[in-house]
Each structure stands twice: as structure tokens, then as C-alpha cells.
Amino acid sequence: MSQKLKLTRSESLYKESQDLIPGGMMGIRRPYNFVTGEYPIFFESGQGGWVLDADGNRFMDMLCAYGPIIIGHREGEIDDAVIGQIRGKGFCLSLVQEVQNTLAKTLRDLIPSCQKCVFVKTGSDATTTAVRIARAFTDRVKVLRCGYHGWHDWCVEVKGGIPVKFYEDVTEFHYNDLAQVEDLMKKSGSEVAAIIVTPVGHPLAHEVELPKPGYLQGLKTLAERHGAVLIFDEIRSGFRVNLGGAQKEFGVTPHLSVFGKAMANGYEISAVVGRADIMDMLVQKAFLSSTFFPNSLAQVAALATIRMLQRDRVLEVIRQRGQAFAAKVRRICADSGIACTFSGEPWMPYITFDRDAKGLYKKLRPEFYTQLIRRGVFLQPFHHGYIAFRHTEKDLDFAAGMIAEAFEETKKNILK
Ligand SMILES: Cc1ncc(COP(=O)(O)O)c(C=O)c1O
């Protein structure tokens, strides 16, 4: 038997926040994205691979702030570099600082598609910038897209408040279905400015998918045949799958790509990188500027993060641990006798419940994730998790053990 967590402080903060902020907090952090009444709503602090909620419950943090935490929370070396910049130089000046160039050179050395780059703040900033550059380069407007690309008008799922004209030229396609894109390009390829795709498929509440052999190259060939720009949205895969991004991992170099999340271990920065002649649209035709884009703190944090990723072979360690974890959890899933799937190996572990006509999965999912949160593992029912460098083998064994227990309890409670 597992105990429901004490969540009184979380709940009272939530009540207060609903009077202050629409919905209490924004979008994907609202309670209905977890299991209402079972998950904490406010966190107090994080350290390494673990977090503490507002009631003092401690969890192994396998959501990693939805992706930015690649090393761990409160990394002294990164935070010290940032504090050094605050105290030693300042970071919000009327002109750019040299660290901009240092970071740009670092990205150029690591990322195959990067001849030039620009730094913005969020993933949405970056995807929107990339699409604007592609439209300027091609003098076309249509965009084919696959994956979540953020909250901006051209791509967000929830259409309230957005005039149709802002997204009517954008068509969504399914991941790993090259024939569909071929078809779309046959119909209107001469009007398509960009094909933008997450190189790893990670649709909400569905299994994580890796590219089928030839898929990414097929997209590139189609884009080039029709004069469109291929953009990889590497906001999740960048600085996690490979230091050069999924493009390096899978050997396909897009014309433009975007990075964010793990790039600075939680500090707010994203980047658009790409072929010099395409990126130069930002000089010739398109405008990009924002008060805070050139602030240097997150640039310093990105450099410190990348230095650690390289020096401590962080991504190799995560890959090895992720593979070992996946092998264990896949076995646990099979032994459970519950119709479920483990995906996302080795970087983005996710347990999904196979959709059945009677909708049993809709009961299994909240029960399983309830059992898991009660046992101190913070994962999201509708979104894959992540493994951070500070998750030790012992931590991951703990998580696997709790997953096994959660399955047992779920069986007792739902399949009895
Ligand atoms: C693949 C992808 N692209 C773009 C975004 C948007 O990034 P942000 O939330 O930083 O605006 C996200 C965010 O989750 C993402 O996963």
C-alpha cells in the first residue's frame, strides 16, 4: 500500500496563485498535466538530480524542467561562471560583449549545420526566427511542420486569439511518413519556404520515435528538389542526443537548425544556426532584435555547460546509463503483463499505455503515475522524461525499482 503525499502547502499556494495568475501558472505546468490531487504543484528547490516540493517531499527529478537540466540542478561550476560575470563585468549593456563570439565559435565547431548563428531566448523565439529566415530566403510563405515548435501564432495547437491568416499557410505532417511529405511537396513544393521537423519524434502522450533509416535524408532531398529550406528543430535533441545535435547523430545536415533547452543547463538561451548565405537574410531582408537577446549571462552559462559536457563526457555517460535503465525498464514493462510500451531510449525515457478500444489505458496511466509519484519518482504522464548527468546508476536503479512496484500496485488496483 502506498501513501498519498502530503500536499497541503502546494495546494494552498495553488489556491493563492489562481487569484493572481490565470490558471495559477502557465500551460504545461498546470496540475491537469500530471495527476490532479496526487502530484505536487509547487517545487521549493532542486539539487543535482533531485527536487524538493513545497511540502518537503523529495523526488528524483526525471522531467528535468522539461529538458533544460542536462547536468543537474544548482551546478556550482556553471553558477559560479554566471556570478563571476555579474560581479566582474555586468551582463546587460548597450553593446554586445565578446562572449557572444566565443559561444558562436563553439557552436560552429560542434554543430555540422552551423556556419553562422544568432542567440535568442526561448525555443519559440528560435523556431519563429528560423521560419522567418527561410521565408525571406525563398520569398515563399508555405511551411510544412512536424512536432511541437512552441507557442507562437504560426504553430501553436490552441488557436484562440490568433487570426487564421497567421497559420493558414502552415501544414502539419506525421513524423516518419516520408510519402506524406512527398505528396505535399508534389502538390505545392514551389510555394514551400520551409520544412521544419524535430529530428527525433516526440509527440505529446505518444511514444518517442527515432528516425527511420533514410527519413531525415529523404526530407533534405525533397526540400532541395523543390528549393525549400530544411530546418531541424533540435530544441529537445540538441546538447542531449549528441554534442552536434541529432543532425550529427543521424548524419544529416539541415540548412538551418534551432537549439535551446539543454544548451545552458537551465539558463534561458536558444540559438538559430545555419548556412551562412541563408542566415544572412537577417542582414539583407529580415529584422531580429530584442532588448534581452544579447544579455550575456546565459551565454556564459552555455559556455560553462558545454565545457562540462565535453570535459566530463556527459552525453556518453547519459547514453550508457540510459541504455542500462532502458534495458531494465523494458523488462519490467514486459513482466508486468500490462499493455504498455517503453520508448525514448536512451535519452528520453517514456512509459506509455497502449491505446485500447475500451479505454483501459485511461485508467492505467493515472494509476501508474500516481503510484510512481508516491514512491518519489517525478515523471510526467503525458510527456517523456529525461536523464540528467547527476542521476547516478543508484538513482536509476531506484527509479526502476519504483517503476516495478508501481506496476504491481496498478495491477492490484485496476486489473483486480
Ligand atoms: C521541439 C521543441 N521546439 C520548440 C519548443 C518551444 O520552446 P520554448 O518552450 O522554450 O519556447 C519546445 C518546447 O518544449 C520544443 O520541445
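In this text, all values refer to a predicted model and were calculated from it rather than measured experimentally.

1. A few points about the environment of Asn101
Then comes step 1: Looking at where Asn101 falls in the secondary structure, it is placed in helix H3 (residues 99-110).
Then comes step 2: Given 11 C-beta atoms within 10 Å, Asn101 falls into the exposed group.
Then comes step 3: In this structure, the C-alpha to C-alpha distance between Asn101 and Met279, residues 178 residues apart in sequence, is 16 Å.

2. Considering the nonpolar core
Then comes step 1: Within the largest apolar cluster, 109 residues are counted, with the highest numbers of intra-cluster contacts made by Ala194, Ile195, Val229, Ala271 and Val272.
Then comes step 2: If you tally residues by element for this core, the top one is helix H10 (residues 297-311), at eight residues.
Then comes step 3: Each of domain 1 (8-73 + 313-414) and domain 2 (76-311) contributes no fewer than three residues to this core.

3. Details of the sheet that holds strand E1 (residues 43-47)
Then comes step 1: The strand order E1-E2-E3-E13 describes an open sheet built from four strands, whose pairing is mixed. Edge strands, defined here as strands with exactly one partner in the open sheet, are E1 and strand E13 (377-378).
Then comes step 2: In this structure, strand E3 (residues 58-61) lies alongside E13, joined through two bridges in parallel fashion. Across the sheet, the residue bridging to Asp61 is Phe378, located in E13.

4. Looking at helix H13 (residues 393-414)
Then comes step 1: Relative to the 32 Å expected for 22 residues at 1.5 Å per residue, H13 spans 31 Å between its end C-alpha atoms, a close match to the ideal helical length.
Then comes step 2: All of the buried residues in H13 are Asp395, Leu396, Ala399, Met402, Ile403, Ala406, Phe407 and Thr410. One face of H13 carries all of its buried residues, which in axial projection span an arc of 150°. Opposite the buried face of H13, at more than 90 degrees from it, the exposed residues are Glu393, Lys394 and Lys412.

5. A look at the site of the ligand
Then comes step 1: Residues in contact with the ligand amount to 14 residues; listed here are only the nearest, Thr122, Gly123, Ser124, Gly150 and Ile235.
Then comes step 2: A total of three residues in the shell around the ligand trace back to one element, the largest contributor, which is helix H4 (residues 123-138).
Then comes step 3: Tallied by class, the residues present in the shell around the ligand amount to three nonpolar, nine polar and two charged.

6. Some points on the domain arrangement of the protein chain
Then comes step 1: The domains assigned to the protein chain are domain 1 (8-73 + 313-414) and domain 2 (76-311).
Then comes step 2: Once you take the C-alpha centre of each, domain 1 and domain 2 turn out to be 27 Å apart.
Then comes step 3: With 18 residues of domain 1 in contact, the opposing surface of domain 2 contributes 19 residues.
Then comes step 4: Counting residues per element, the ones that place at least two in the side of domain 1 that touches domain 2 are helix H11 (314-336), strand E11 (340-343) and strand E12 (350-353).
Then comes step 5: Counted by class, the side of domain 1 that touches domain 2 contains 11 nonpolar, seven polar and no charged residues.

7. Structural notes on unusual backbone geometry
Then comes step 1: A cis amide bond links Glu345 with the next residue in sequence, Pro346, at an omega value of -5°.
Then comes step 2: Assignment of secondary structure puts Pro346 in the loop between E11 and E12.
Then comes step 3: A positive phi angle is found at Ala65, which is not glycine, with a value near 60°.

8. Comments concerning the sheet that holds strand E10 (residues 270-274)
Then comes step 1: Strand order in the open sheet formed by seven strands is E4-E10-E9-E8-E7-E5-E6, and the pairing between neighbours is mixed. Single-partner strands in this sheet number two, and they are strand E4 (116-120) and strand E6 (170-172). Each strand axis lies, on average, 20° off the axis of its neighbour in the sheet, ignoring direction.
Then comes step 2: Bridge analysis of strand E5 (residues 142-146) against strand E7 (residues 192-197) gives five bridges, and the strand direction is parallel. The residue bridging Cys146 from the neighbouring strand is Val197, located in E7.

9. Quick notes on the packing of helix H12 (residues 361-374) against H13
Then comes step 1: Two numbers describe how H12 lies on H13: the axes approach to 8 Å, and their chain directions differ by 135°. Our classification of the angle between H12 and H13 gives oblique. Between H12 and H13 lies a crossing whose hand is right-handed. Judged by residue contacts, Lys363, Leu364, Glu367, Phe368, Gln371 and Leu372 of H12 engage Met402, Ile403, Ala406, Phe407, Glu409, Thr410, Asn413 and Ile414 from H13.
Then comes step 2: Residues that form the contact of H12 with H13 fall into these classes: eight nonpolar, three polar and three charged.

10. Some details on the pairing of E12
Then comes step 1: The two faces of E12 match: Tyr350 and Thr352 on one face and Ile351 and Phe353 on the other face are all buried.
Then comes step 2: Where E11 meets E12, four bridges bridge the pair, whose relative direction is antiparallel. Note on E12: the bridge partner recorded for Cys340 is Phe353.
Then comes step 3: Adjacent in sequence and paired antiparallel, E11 and E12 are bridged by six residues, among which Gly344 carries a positive phi angle near 90°.

Definitions and limits used
Residues numbered from 1 in each chain as written. Predicted model: local features only at pLDDT ≥ 70, side-chain atom pairs only at ≥ 80, totals over all residues. Helix = DSSP H or I, 4+ residues; strand = E, 2+ residues; numbered from the N terminus. Buried ≥ 20, exposed ≤ 12 C-beta atoms within 10 Å, placed from the backbone. Core = buried A, V, L, I, M, F, W, Y, C linked by C-beta atoms within 7 Å. Domains from an automatic or database assignment. Pairing = 2+ DSSP bridges. Expected span 1.5 Å × (residues − 1). Arc of directions from axis to C-beta. Near = placed C-beta within 6 Å. Nonpolar A, V, L, I, M, F, W, Y, C, P; charged D, E, K, R; others polar. Contact = placed C-beta atoms within 7 Å. Axes fitted to C-alpha atoms, helices over the stretch in contact; angles between N-to-C directions. Parallel < 35°, antiparallel > 145°, perpendicular 65-115°, else oblique. Left-handed = near helix turned anticlockwise from the far one by under 90°.

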